[in-house]
2 protein chains.
Amino acid sequence: MICDRVGGMKPFLAMDILERAQELERAGEHVIHLELGEPDFDTPQAIKEAGIAAIRQGDTHYTHSLGTSQLREAISEHYARAYHIDPPHPDRVLITSGSSPAFLVAMSTLLGSGDELILSDPHYACHPNFVSYLGAVPRTIPVFEDDGFQYRLDDIRAALTARTRAILINSPANPTGTLLSPERMAEIAQVAATAPSRPWIFSDEIYHGLVYQGRARSILEFTDHCLVFNGFSKLFAMTGWRLGYVIVPRDLVRPMQTMLQNFFISASSLAQAAAYAALTDPTVRADVAAMVRHYRERRLFMLAGLRELGFGIAVEPTGAFYVFANAGRFSGDSNRLARDILEEAKVGVAPGVDFGPHGEGYLRFSYANSLENIGEGLRRIREYLARR
Amino acid sequence: MICDRVGGMKPFLAMDILERAQELERAGEHVIHLELGEPDFDTPQAIKEAGIAAIRQGDTHYTHSLGTSQLREAISEHYARAYHIDPPHPDRVLITSGSSPAFLVAMSTLLGSGDELILSDPHYACHPNFVSYLGAVPRTIPVFEDDGFQYRLDDIRAALTARTRAILINSPANPTGTLLSPERMAEIAQVAATAPSRPWIFSDEIYHGLVYQGRARSILEFTDHCLVFNGFSKLFAMTGWRLGYVIVPRDLVRPMQTMLQNFFISASSLAQAAAYAALTDPTVRADVAAMVRHYRERRLFMLAGLRELGFGIAVEPTGAFYVFANAGRFSGDSNRLARDILEEAKVGVAPGVDFGPHGEGYLRFSYANSLENIGEGLRRIREYLARR
């Protein structure tokens, strides 16, 4: 009755944790949320005002199926400025209702049944689900904590086949917080360029801007044979607005547009107006810098706290807002451990196995929460570990 | 390079007309838009205020993947009140970013490769594209102007096969404005209930409330073996907010939730707050009634005007905001005719063939525009027809 393409999709365990946590809260419990991939900050004021102005002005109608030209131009200029590259033509920027639909449209366009996409294990939980939904095959490559969960080039080369249509990179990464070095990105671009199946590079750049050491680089600095996925949710604390985008080669615009027209009509007009302010209003830059300062401080606090509790962190993550910590000392069953921590300590954490079989034995801790809450969460986990 | 599932998708001709019209406008031309499936009205004030309040209050985060319980309860109560039925349990109401993603998720869950869905010809242009995207088969049944484009029961029966998984109804219909009679809906429910493949009824109720004679009935009054698709775009003039929903049997909630979590995370938090006001604020009812009065007046005006120009309207449409007029007297090539009317008369109209092969020879005129604009549009078309 339920089709395999959906019935075979893995439930998203971190979402189950969240929804169970909300049940506990409705029952009067106080829960600390370290399971969320979502900024705890409010959307910056100028962005909110732009959204409000759009509503007041009656900017509440469908937009062009690819998005407003104003926003597409601002994104083009943002990429040119941030990465010192020629601006990708605004026609190549496609606006979507979050970056997830951008993945759906891109993969639907490029991954046929039986085609393969290479991605790391662990990876963002939803990525392989898009692939298998389409009847394509996620080819996972394990990455290891001892070199900071970096892709190993030889493993990518070994995974290439005649059906490899894309290599997915995600820097800074969910769940590991890893930043790919520019050298590694150049090498991956080179591997893709010389592979017989000429795979695309899909670069998930949603955590760009949230970097605490070094600098995130865009795949557009290294190759044109790529699709760049990004959005406003993380850096600008705009998750509830649902706005993302994808930058694609010109040949892909028209087929992807057909799918966007049919399946989405357009993204939210008011979210687009708000997102334009995110990229252009000077006060937003200061607000984002303040958020990054907070994440920076929380990151150090959480790293120290987790180590003190006995979690393993071989290489410190330098981006996004996650620590992917080795919990092998406490349990080999991360889902069970995460559920126990929620039920017993009233702290939500994401089980590592959510992010791939090679994530088993780890927990993902998000520091998109206040120092006070992180401290309280760590205290509760300490007590839980002491009494188990 | 482009997968068949997307490459084989028909472009949406009405969108091409719109986008060409916008090009003309950027070049300084004045275009009358009668091609749009979108209210020209502003979103009612109380809805806008609720959206603004949500932004101000920082209600800008992910919601539950199925939507806020507040909105889901309001939808349940709305259905109970409007159709005198037992309230569908709020757990069965799934909130989506517009009704299009609801179709994608529902069809992905229920239509396997090679399965069949029955729909009318003409139909909403995107409906068969969802089906063929999934490798399923749209089985179209021609409907005819001489009985107001009503489904013919015998034709549905004749189209049933062992692979028929769903029958799609859409009342009031896009593009024809047809309202299905309660007797016809009961019969279709009966046909579905007794067919060996036990097809679902997919009822697209997005134009409910926009009815000028008679009353739209929900499929939930006739059967439980159904999915109801609806949203806020049309009745509440909220297209740019992107908010829809689907009411499903309990067994389908969990598999559809998995897909929603993965592909959409959640619908817009602020749009959900605004939609709650749409269903509960008493001033919205008056605003909607005023919009319906306008549509009612425009409908009569447009019907008279089109007939005077020589377009054929055998049975007057009684719902939505469309007239599907026979243009056979002027051309057998509706796409060519629509393009000529745009280029020569600067009036956007939707070509009938966009809505299925059996729509060829027709044009769809939308009266979601002011009396003044409709009058000017008809005047321009009269001049164009006189000189061609």
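## Examining the overall build of chain A
Each helix and strand in chain A was counted, giving 13 helices and 12 strands. In terms of overall dimensions, chain A is globule-like: its C-alpha atoms have a radius of gyration of 21 Å, near the 21 Å expected for 388 residues. Oriented by its inertia axes, the alpha-carbon framework of chain A measures out at about 60 × 55 × 50 Å. Counting every position in chain A, which comprises 388 residues, the buried fraction comes to 57%. Sequence separation of at least 24 residues holds for 73% of the intrachain contacts in chain A that already meet a minimum separation of 6.

## Let's talk about helix H10 (residues 269–280) of chain B
In an α-helix, one turn spans 3.6 residues; hence positions three or four apart end up facing the same way. All names here are of chain B. A rise of 1.5 Å per residue sets the reference length of H10, with its 12 residues, at 16 Å; its end C-alpha atoms lie 17 Å apart and thus fit the reference within 8%. For H10, a buried count of 10 out of 12 residues is recorded, marking the element as mostly surrounded by other parts of the structure. The inward-facing, buried residues of H10 abut helix H3 (45–56), helix H4 (69–83), strand S2 (93–96) and helix H11 (282–309).

## Thoughts on the environment of Ser108(B)
Here Ser108(B) is to be found in helix H5 (residues 99–110). Sequence separation between Ser108(B) and His127(B) is 19 residues; the distance between their C-alpha atoms is 13 Å. Not counting residues up to four positions away in its chain, the partners in contact with Ser108(B) are Cys3(A), Arg5(A), Val6(A), Leu134(B) and Met259(B).

## Structural notes on the relation of the copies chain B and chain A
The two copies are related by a screw motion: chain B maps onto chain A through a turn of 180 degrees and a shift of 0.0 Å along the axis, at an RMSD of 0.0 Å. Taken together, these values place the two copies in the relation of a two-fold axis. Scanning chain B for the C-alpha nearest the rotation axis identifies Ile52(B), at a separation of 2.8 Å. When you check the interface residues of chain B against chain A, 100% turn up at the interface there too, and the contact is symmetric in its surfaces.

## Considerations on the environment of Arg254(A)
All names here are of chain A. Along the chain, Arg-254 turns up in helix H9 (residues 250–263). Its 11 C-beta neighbours within 10 Å are what place Arg-254 among the exposed residues. Spatially, the C-alpha atoms of Arg-254 and Leu-309 are 53 Å apart, while their sequence positions differ by 55 residues.

## Remarks on the sheet that holds strand S11 (residues 350–351) of chain B
Residue and element names in this part refer to chain B. One open sheet accounts for 3 strands, arranged S9-S12-S11; its pairing is antiparallel. Strands with a single pairing partner mark the edges of an open sheet, and in this sheet they are strand S9 (322–326) and S11. Pairing of S11 with strand S12 (residues 362–366), which is carried by 2 bridges, proceeds in the antiparallel orientation. By the bridge assignment for S12, Ala-350 is matched with Arg-364.

## Points about unusual backbone geometry
Most peptide bonds adopt trans geometry, and most residues besides glycine take a negative phi value. Following Ser171(A), the chain continues to Pro172(A) via a peptide bond in cis, the omega torsion being -5 degrees. Note on placement: Pro172(A) falls in the loop between strand S5 (164–170) and helix H8 (182–194). Along the chain, Asn174(B) connects to Pro175(B) via a cis peptide bond; the corresponding omega equals 10 degrees. With respect to the element layout, Pro175(B) can be found in the loop between strand S5 (164–170) and helix H8 (182–194). The phi torsion at Ala320(A) lies on the positive side, around 60 degrees, for a residue other than glycine.

## Things to note about the packing of H5(B) against helix H9 (residues 250–264) of chain B
Residue and element names in this part refer to chain B. Closest axis-to-axis distance for the H5/H9 pair is 10 Å, and the angle between their directions is 125 degrees. Put simply, H5 runs oblique to H9. The element H5 and its partner H9 pack so that their crossing is right-handed. Packed against H5, whose contacting residues are Pro-101, Val-105, Ala-106, Ser-108 and Thr-109, the element H9 presents Leu-252, Pro-255, Met-256, Met-259, Leu-260 and Phe-264 at the interface. Partitioned by chemical class, the residues of the contact of H5 with H9 number 9 nonpolar, 2 polar and no charged.

## Structural notes on the sheet that holds S5(A)
Residue and element names in this part refer to chain A. If you trace the 7 strands from one edge of the open sheet to the other, you get S2-S8-S7-S6-S5-S3-S4, paired in mixed fashion. Edge positions in the sheet fall to strand S2 (93–96) and strand S4 (137–142), since each of these pairs with one other strand and no more. For this sheet, the mean inter-axis angle between neighbouring strands, taken without regard to orientation, is 25 degrees. Sheet analysis places S5 next to strand S6 (residues 200–204), joined by 5 bridges and oriented parallel. If you follow Asn-170 over to S6, its bridge partner there is Asp-204. Taken strand by strand, helix H5 (residues 99–110) contacts S2, S5, S6, strand S7 (226–231) and strand S8 (244–247), and its axis lies near 160 degrees from that of S7.

## Some points on the domain arrangement of chain A
How big an interface is tends to be stated in terms of accessible area lost as the parts join. Residues and elements named next belong to chain A. Here chain A is partitioned into domain 1 (4–43 + 284–387) and domain 2 (61–281). In this structure, domain 1 and domain 2 have C-alpha centres spaced 24 Å apart. Listed by partner, the interface residues are 39 residues for domain 1 and 40 residues for domain 2. A per-element tally of the side of domain 1 that touches domain 2 places helix H11 (residues 282–309) first, with 7 residues. Partitioned by chemical class, the residues of the side of domain 1 that touches domain 2 number 21 nonpolar, 10 polar and 8 charged.

## Concerning the nonpolar core
Core analysis: the biggest nonpolar cluster contains 265 residues, and Ala274(A) and Ala274(B) have the highest contact counts within it. The contact partners of Ala274(A), leaving out residues within four places of it in the chain, are Ile47(A), Ala50(A), Gly51(A), Ala54(A) and Trp241(A).

## Quick notes on the packing of H4(B) against H10(B)
Residues and elements named next belong to chain B. With their axes 9 Å apart at the nearest point, H4 and H10 run at an angle of 30 degrees to one another. One way to sum up the angle between H4 and H10 is to call them roughly parallel. The hand of the H4/H10 crossing is left-handed. Along its contact with H4, which presents Gln-70, Leu-71, Ala-74, Ile-75 and His-78, the element H10 presents Gln-272, Ala-275, Tyr-276, Leu-279 and Thr-280. When grouped by side-chain class, the residues that make up the contact of H4 with H10 number 6 nonpolar, 4 polar and no charged.

## Details of the interface of chain B and chain A
At the interface, 54 residues of chain B touch 54 residues of chain A. Taken together, the elements giving at least two residues each to the side of chain B that touches chain A come down to helix H1 (4–7), helix H2 (13–26), H3, H5, H9 and H10 of chain B. With 7 residues, H9(B) is the single largest residue contributor to the side of chain B that touches chain A.

## Topic: helix H10 (residues 269–280) of chain A
By the burial criterion, the buried members of H10(A) are Ser269(A), Leu270(A), Ala271(A), Gln272(A), Ala273(A), Ala274(A), Ala275(A), Tyr276(A), Ala277(A) and Ala278(A). Where H10(A) is buried, its residues contact helix H3 (45–56), helix H4 (69–83), S2 and H11 of chain A.

## Digging into the pairing of strand S7 (residues 226–231) of chain B
Residues and elements named next belong to chain B. Of all 6 residues making up S7, 6 are buried, and the element is well covered by its neighbours. Residues of S7 alternate between two faces, with Cys-226, Val-228 and Asn-230 on one and Leu-227, Phe-229 and Gly-231 on the opposite face, all of them buried. Two elements, S7 and strand S8 (residues 244–247), share 4 bridges in a ladder whose sense is antiparallel. Across the sheet, residue Gly-231 finds its bridge partner in S8, namely Gly-244.

## So, the pairing of strand S3 (residues 116–121) of chain A
Residue and element names in this part refer to chain A. Buried residues dominate S3, accounting for 5 of its 6 residues. Judged from the 6 bridges that link them, S3 and S4 form a sheet pairing that is parallel. In the strand pairing of S4, Glu-116 is matched with Val-137. Regarding topology, helix H6 (residues 127–133) serves as the crossover connection from S3 to the parallel S4, and that connection is right-handed. Examined bridge by bridge, S3 and S5 share 3 bridges and lie parallel to one another. Counted as the bridge partner of Ile-118 is Ile-167 from S5.

Cut-offs and rules
- Counting from 1, residues in each chain are numbered in the order their sequence is written.
- Throughout, the order in which chains and ligands are written sets their labels, letters from A for the former and numbers from 1 for the latter.
- Note on the predicted model: pLDDT of at least 70 is required for a residue's local features to be given, and 80 or more for side-chain atom pairs to be given and counted; whole-chain, interface and lining totals, by contrast, use all residues.
- For helices the rule is a DSSP run of H or I covering at least 4 residues; for strands it is a run of E covering at least 2, with both sets numbered from the N terminus onward.
- Only C-alpha atoms enter the radius of gyration; for comparison, a globular chain is expected to reach 2.2 Å times N to the power 0.38, where N is the number of residues.
- Counting other C-beta atoms within 10 Å of a residue's own tells you its class, since 20 or more makes it buried, 12 or fewer makes it exposed, and anything in between is partly exposed; those C-beta atoms are placed from the backbone.
- Residue pairs qualify as contacts under a 7 Å threshold applied to their C-beta atoms, which are placed from the backbone.
- Expected helix span is computed as 1.5 Å times (number of residues minus one).
- All copies are superposed by least squares; the fitting set is the C-alpha atoms of residues with a pLDDT of at least 70 in both.
- Pairing between strands is defined by DSSP: at least two bridges between the two strands are required.
- For helices, the fitted axis covers only the stretch in contact; all axes are lines through C-alpha atoms, and the angles between them, taken along N-to-C directions, range from 0 to 180 degrees.
- Angle categories: roughly parallel below 35 degrees, roughly antiparallel above 145, roughly perpendicular from 65 to 115, and oblique for all the rest.
- Crossings are assigned a handedness: left-handed for a near helix turned anticlockwise from the far helix by less than a right angle, right-handed for a clockwise turn.
- Lys, Arg, Asp and Glu make up the charged group, whereas Ala, Val, Leu, Ile, Met, Phe, Trp, Tyr, Cys and Pro make up the nonpolar group; the residues left over, Gly among them, are polar.
- Each domain's extent is set by a domain assignment, obtained either automatically or from a database.
- To define a nonpolar core, we join buried Ala, Val, Leu, Ile, Met, Phe, Trp, Tyr and Cys residues through C-beta atoms within 7 Å and take the resulting set.
- Handedness of a crossover is defined as follows: with both strands directed away from the viewer, a clockwise route from the first strand across the helix to the second makes it right-handed.

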